[in-house]
Every structure is written in C-alpha cells, then in structure tokens.
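Analysis of the macromolecular model
Here are the chains, one letter per residue:
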Amino acid sequence: AAEPPAAGRRARRPMVAALIDLARPRFLLLFFASSLLVLFFAQLSTGDWLAVVVRGLAISYLGFLALRHLDVARLAGWLDRRFGLSIAESTPAAFAVLGAAPPPAPPSAPEVERTD
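Residues numbered from 1 in each chain as written. Predicted model: local features only at pLDDT ≥ 70, side-chain atom pairs only at ≥ 80, totals over all residues. Heavy atoms only, no water.

1. A word on the packing of aromatic side chains
Evaluated as defined, the whole model comprises 3 aromatic pairs. Ring centres 5.6 Å apart and planes at 25 degrees place the aromatic pair Phe27 and Phe31 in the stacked group. Residue Phe27 and its partner Phe31 are both found in helix H2 (residues 25–42); the two are separated by 4 residues, about one turn of the helix. With relative accessibility at 17%, the residue Phe27 sits in the buried group. Judged by its relative accessible area of 17%, Phe31 is buried. (Phe/Tyr/Trp six-rings, centres within 6.5 Å; stacked < 30°, edge-to-face > 60°. Helix = DSSP H or I, 4+ residues; strand = E, 2+ residues; numbered from the N terminus. Buried < 20%, exposed > 50% of the residue type's maximum accessible area, 1.4 Å probe, protein only.)

Structure representation (structure tokens):
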C-alpha cells in the first residue's frame, strides 16, 4: 500500500494518541467504575446503559483529542487578559502545592512584566 503524505501522517498522530489515551489503565479503571455506578444507581436498561457508556467513550476521545490540539499556555494567557483571572500568579502556586515544576514558557510567548 502507498504511504500517506507526511501531512496526513502528522494529522493522524493526535488521533492515534487520543485512542491510546483511552486504553490507559488508570482511565479504563475510573471509566469502568463510573460506568458501574451509573448502572447500579441510575436503574437504566442494558441498552440505555450501553448508550451512556458509548457516549462517554466518544466524549472522552474528543476530550483527549482536544487536549492534543489546544495550546494550554496560550489559552491561559488569553483568559488572564480577558477576565483578569491572575493565572500567572495562581499557576506557580498550584504547581508548588503539587510539588511539580511549572512547564517552561513557550518560546513564542513574550514575557509580560506586571506593574502592581
């Protein structure tokens, strides 16, 4: 079979990665647990329950796919400028609580100094 063009392969990478995210054990365990909770407490018929499970998988796939395409730092900057959420101050504090280092700033983002 002929190889797809390079642009087609690059466009498929996030789609395949989102499918791989659906197969991660932590996601599967939590999804299975929440599906069982819905089954026991919502009192749905088997067909309705399966429809809810398939819908949940589809929404999860789209969510994982969106995470692969979104530039979170740029979105946070836009939200901070638009709504004044002080994300620039709260993000390092959140990472400090988690004990993780904040991600490096993207090279295309200009440094902004606050004059408070």
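Once the structure has been displayed, the description carries forward.
2. Remarks on a nonpolar patch on the surface
Residues Leu70, Val72, Leu75, Trp78, Phe83 and Leu85 make up a contiguous nonpolar surface patch of about 600 Å² in total accessible area. Counting through the fold element by element, Leu70 comes out in the loop between helix H3 (46–69) and helix H4 (72–83). (Patch = residues over 30% accessible without salt bridge, like charges linked within 9 Å, V, L, I, M, F, W, Y side chains within 5 Å. Areas by Shrake-Rupley, 256 points an atom, 1.4 Å probe, with all protein chains shown as cover. Salt bridge = Lys/Arg side-chain N within 4 Å of Asp/Glu carboxyl O.)

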